[in-house]
Amino acid sequence: MLTNKDLLSKIQSYEDNVSDNLDSDASQTRADLMRYYLGEEYGNERTGYSSIVTREVFQTVENIKSDIAELFIADDETVRFEPQGPEDVEAAQQATDYIRYVFYRQNDGFSNVLDSLYDGLLQRQGVIKRWRSMEDEITTHSFENISEQAFQILQSDPEVEITEFEESMDLETQMISFDGKLIRTQEKGKTRIEVIPPEEFAIHRDATTIEDAKFVRQRSMKSASDLIAMGFSKEKVKNLARQFDTDDYGEEGNNIIKMYDLHEVYMRCDRNQDDYDELLKVCLVNNVILNIEEVDEIPFVIWTPIRISHRLTGLCPADAAAPIQKMKSQLWRNQLDNQYNLNNGRPIVVEGQVDLDSVMNSKPGAPYLVKHPNGISFPQQPSFGTHTYNMMGIADQMLEQDVGSTDNTISPDILNGNTASGAVSQVLSKR
């Protein structure tokens, strides 16, 4: 049996060989694409010159996202089960209704669709996690005029906590009855669906599917109460607090909530040394293992917009739109600077023949004070607006060839079909 120390060593070796970590090139690329999407400056701006940033990445992502999202949320049937025969009609409808309830009612299906599309179109991969969660459902109840035997049954029920009660006796029958209130705590299983931020997710670089991955990890920040709510031992969480809460926050920092870097790791490892790899789920914080268990599957699903053979993560439309955006931003900056120079040209001044204060006042219509008519002159400033607009047209054509026109629409016949696969193919083929 491998010790916890051996497991930690194995996990660390995998962490050094994941395809996507916080210091990797992929992480930097995602950060750059996010800045393009938000329209932030590129870092090459100069004081006194135009710093306009165009929004091709934003427009591309949002237009494609709205087209594809319509396929899933135009109606509330995310998945439709088709009957194989007349005897299956009722069962197929029940299965469809159940999936709709789980996806939209138990989980925020609308947001999950949009967030997953957003991550894929902008960050190259959308990561969805689904798992079975055991949660406590707490309800309050009142009871009146119940018998002593029924009251004893309630008291012995481990799910019931009687918060208050009053005992009374019927003078005629001499029977004792009880009135009161109780709290019932029931553990219920629920299917959970959540979109994972790409920066929290890492997978072994050789993996081509989730199923064959040797190592998958989700990294997230959790408070002590979050860890306890997730089912980890209170004693282990308290040990974390004693071990790592050593920072002196001072008087003003007394209300700061300590956050822990939780790693939820799925790895294939021969833990019991029987020559067969088991799929282990290991949860740890700062090299302190909170839980180890064998599981049947890795609960993540990944989609990537532009697939590359033999790679789990491909490319996205934002990759194609980003260089076009930078090109058009520079063209606009050059044109605006050129227009500014046309409106406020730099004059040639004969020394001693012109009042410099009047020259420095660039207010429209303000006169120049000169001692001689030829004391000031303005060289011809070339206008290259036509060339700029031609270049922008070429850039738009390049963008359309790479990611598609921004006014593409989907055939209503496909939207009304039974499956979304044809519509998704149509949308992406336009890109």
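What counts, and where the lines are drawn
- Residues numbered from 1 in each chain as written.
- Predicted model: local features only at pLDDT ≥ 70, side-chain atom pairs only at ≥ 80, totals over all residues.
- Heavy atoms only, no water.
- Helix = DSSP H or I, 4+ residues; strand = E, 2+ residues; numbered from the N terminus.
- Expected span 1.5 Å × (residues − 1).
- Buried < 20%, exposed > 50% of the residue type's maximum accessible area, 1.4 Å probe, protein only.
- Polar contact = N/O pair within 3.5 Å; in protein donor to acceptor, adjacent residues only side chain to side chain.
- Axes fitted to C-alpha atoms, helices over the stretch in contact; angles between N-to-C directions.
- Parallel < 35°, antiparallel > 145°, perpendicular 65-115°, else oblique.
- Contact = heavy atoms within 4.5 Å.
- Nonpolar A, V, L, I, M, F, W, Y, C, P; charged D, E, K, R; others polar.
- pLDDT = per-residue confidence, 0-100.
- Pairing = 2+ DSSP bridges.
- Salt bridge = Lys/Arg side-chain N within 4 Å of Asp/Glu carboxyl O.
- Phe/Tyr/Trp six-rings, centres within 6.5 Å; stacked < 30°, edge-to-face > 60°.

## Here's the deal with helix H5 (residues 109–123)
Turning to step 1, where the next piece is worked out: The end-to-end C-alpha distance of H5, which contains 15 residues, comes to 20 Å, matching closely the 21 Å that a straight helix rising 1.5 Å per residue would cover.
Turning to step 2, where the next piece is worked out: The element H5 is extensively covered by neighbouring structure, given that 11 of its 15 residues are classed as buried.
Turning to step 3, where the next piece is worked out: Of the residues making up H5, those classed as buried are Gly109, Asn112, Val113, Ser116, Leu117, Tyr118, Asp119, Gly120, Leu121, Leu122 and Gln123.
Turning to step 4, where the next piece is worked out: Backbone geometry just after H5 places arginine 124 at a positive phi near 80°.

## So, the side chain of glutamate 56
Turning to step 1, where the next piece is worked out: Its location among the elements puts glutamate 56 in helix H3 (residues 56–73).
Turning to step 2, where the next piece is worked out: A polar contact is formed between the side chain of glutamate 56 and the side chain of lysine 328, at a distance of 3.3 Å.

## Quick word on the packing of helix H9 (residues 317–343) against helix H11 (residues 385–403)
Turning to step 1, where the next piece is worked out: Orientation of H9 relative to H11, taken along the N-to-C sense of each, is 175°, at an axis distance of 10 Å. It follows from the interaxial angle that H9 and H11 lie roughly antiparallel. Here H9 contributes Pro317, Ala320, Ala321, Ile324, Met327, Lys328, Leu331, Trp332 and Gln335 to the contact with H11, which in turn contributes Gly385, Thr388, Tyr389, Met391, Met392, Ala395, Asp396, Met398, Leu399, Asp402 and Val403.
Turning to step 2, where the next piece is worked out: Grouping the constituent residues of the contact of H9 with H11 by class yields 14 nonpolar, 3 polar and 3 charged.

## A closer look at the confidence of the model for the chain
Turning to step 1, where the next piece is worked out: Across the chain, pLDDT averages 85, with 89% of residues at or above 70.
Turning to step 2, where the next piece is worked out: In the model, residues 408–421 has pLDDT below 50 throughout and makes 22 contacts with residues more than four positions away in sequence or in other chains.

## Quick look at the sheet that holds strand S6 (residues 259–269)
Turning to step 1, where the next piece is worked out: If you trace the 5 strands from one edge of the open sheet to the other, you get S4-S5-S6-S7-S8, paired in antiparallel fashion. If you trace the sheet from one side to the other, it starts and ends with strand S4 (201–203) and strand S8 (288–294), each paired once. When strand polarity is set aside, the average angle formed by the axes of neighbouring strands in this sheet is 20°.
Turning to step 2, where the next piece is worked out: Sheet topology note: the strand S5 (residues 215–223)/S6 ladder contains 9 bridges and is antiparallel. Directly across from glutamine 218, in S6, lies its bridge partner glutamate 264.
Turning to step 3, where the next piece is worked out: Most of the contacts of helix H1 (residues 4–15) go to S6, to which it runs at about 90°, and overall it touches S5, S6, strand S7 (278–285) and S8.

## A few points about the pattern of salt bridges
Turning to step 1, where the next piece is worked out: Considering all chains together, one arrives at 14 salt bridges under this definition.
Turning to step 2, where the next piece is worked out: Between glutamate 56 and lysine 328 there is a salt bridge whose closest N-O contact spans 3.3 Å. Taken together, the residues span a long stretch of sequence, with glutamate 56 in helix H3 and lysine 328 in helix H9 at a distance of 272 residues.
Turning to step 3, where the next piece is worked out: We classify lysine 328 as buried; its relative accessible area is 9%.
Turning to step 4, where the next piece is worked out: Across the salt bridge formed by arginine 130 and glutamate 297, the nearest N and O atoms sit 3.5 Å from each other. Of this pair, arginine 130 sits in strand S1 (residues 126–147) while glutamate 297 sits in the loop between S8 and strand S9 (300–303), and the two are 167 residues apart along the sequence.

## Re the sheet that holds strand S3 (residues 176–196)
Turning to step 1, where the next piece is worked out: With antiparallel pairing, the 4 strands of this open sheet are ordered in space as S2-S3-S1-S9. In the strand order of this sheet, the two ends are held by strand S2 (160–169) and S9, each with one partner. This sheet shows a mean twist of 25° between the axes of neighbouring strands, independent of strand direction.
Turning to step 2, where the next piece is worked out: Examined bridge by bridge, S1 and S9 share 4 bridges and lie antiparallel to one another.

## Points about the packing of aromatic side chains
Turning to step 1, where the next piece is worked out: Evaluation of the coordinates by the stated rule reveals 11 aromatic pairs.
Turning to step 2, where the next piece is worked out: Note on phenylalanine 103 and tyrosine 104: the rings are 5.1 Å apart at their centroids and 90° apart in plane angle, and the pair reads as edge-to-face.
Turning to step 3, where the next piece is worked out: Judged by centre distance (6.2 Å) and plane angle (50°), the rings of phenylalanine 143 and phenylalanine 151 are tilted.
Turning to step 4, where the next piece is worked out: Of the residues examined, phenylalanine 143 reaches a relative accessible area of 7% and is grouped as buried.
Turning to step 5, where the next piece is worked out: Judged by its relative accessible area of 5%, phenylalanine 151 falls in the buried class.

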